[in-house]
Amino acid sequence: MSRDARKQLLRLEAEMHRLELSASLSDLRQPFVAAQHGSWLLRLIQQPGDWMGMLSGLLASGKFAQVSRLLPLAMGAWKIARLFQQFLRRRRAKAD
């Protein structure tokens with residue numbers, strides 16, 4: 001490798017490290033910006049108008065009564081599915 005190629009390689013590596021450091025510093029300066037973009041919970045808390053409108057529409061219509069009747073059935077089905085999954089895991093563990 002020639003001397004000029006080595007110099008160019010070192011310059012590129014130095015530039016790459018400089019860019020990584022600047023990205024890390026911007027993350028350190030604003031640590032919660034990345035979390036706010038990806039967290040649906042923070043969006044729900046910060047923008048309650050979206051989900052409050054849906055919730056009020058659900059409560060105002062007769063659909064809430066249907067949902068309230070189906071909710072215990074869904075929870076029971078979920079519990080049965082979890083128990084069945086645990087049963088299968090134990091059975092597989094005994095077979096091995």
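See the structure printed just above.
Residues numbered from 1 in each chain as written. Predicted model: local features only at pLDDT ≥ 70, side-chain atom pairs only at ≥ 80, totals over all residues. Heavy atoms only, no water.

(A) Fine view of the overall build of the protein. Across its full length, the protein holds five helices and zero strands. When each of the 96 residues of the protein is scored for burial, the buried share is 0%. (Helix = DSSP H or I, 4+ residues; strand = E, 2+ residues; numbered from the N terminus. Buried < 20%, exposed > 50% of the residue type's maximum accessible area, 1.4 Å probe, protein only.)

(B) Geometry of a positive patch on the surface. A cluster of like positive charges, contributed by Lys79, Arg82, Arg89 and Arg92, occupies part of the molecular surface. Turning to its location among the elements, arginine 82 is positioned in helix 5 (residues 63-95). (Patch = residues over 30% accessible without salt bridge, like charges linked within 9 Å, V, L, I, M, F, W, Y side chains within 5 Å. Areas by Shrake-Rupley, 256 points an atom, 1.4 Å probe, with all protein chains shown as cover. Salt bridge = Lys/Arg side-chain N within 4 Å of Asp/Glu carboxyl O. Lys, Arg positive; Asp, Glu negative; His and termini not counted. Charge placed at Lys NZ, Arg CZ, Asp CG, Glu CD.)

(C) Region of interest: a nonpolar patch on the surface. A cluster of nonpolar side chains, namely Trp51, Met52, Leu55, Leu59 and Phe64, defines an oily patch on the protein surface of about 450 Å² accessible area. In terms of residue count, helix 4 (residues 48-60) provides more of the nonpolar patch than any other element does, four residues in total. Following the sequence through the fold, leucine 55 ends up in helix 4. Judged by its relative accessible area of 36%, leucine 55 is partly exposed.

(D) Fine view of the pattern of salt bridges. What the rule picks out here adds up to one salt bridge. Between arginine 18 and glutamate 15 there is a salt bridge, and its shortest N-O distance comes to 2.6 Å. Here arginine 18 pairs with glutamate 15, and both are found in helix 1 (residues 3-29), just three residues apart, close to one helical turn. Judged by relative accessible area, which is 47%, arginine 18 ranks as partly exposed. The class of glutamate 15 is partly exposed, set by a relative accessible area of 34%.

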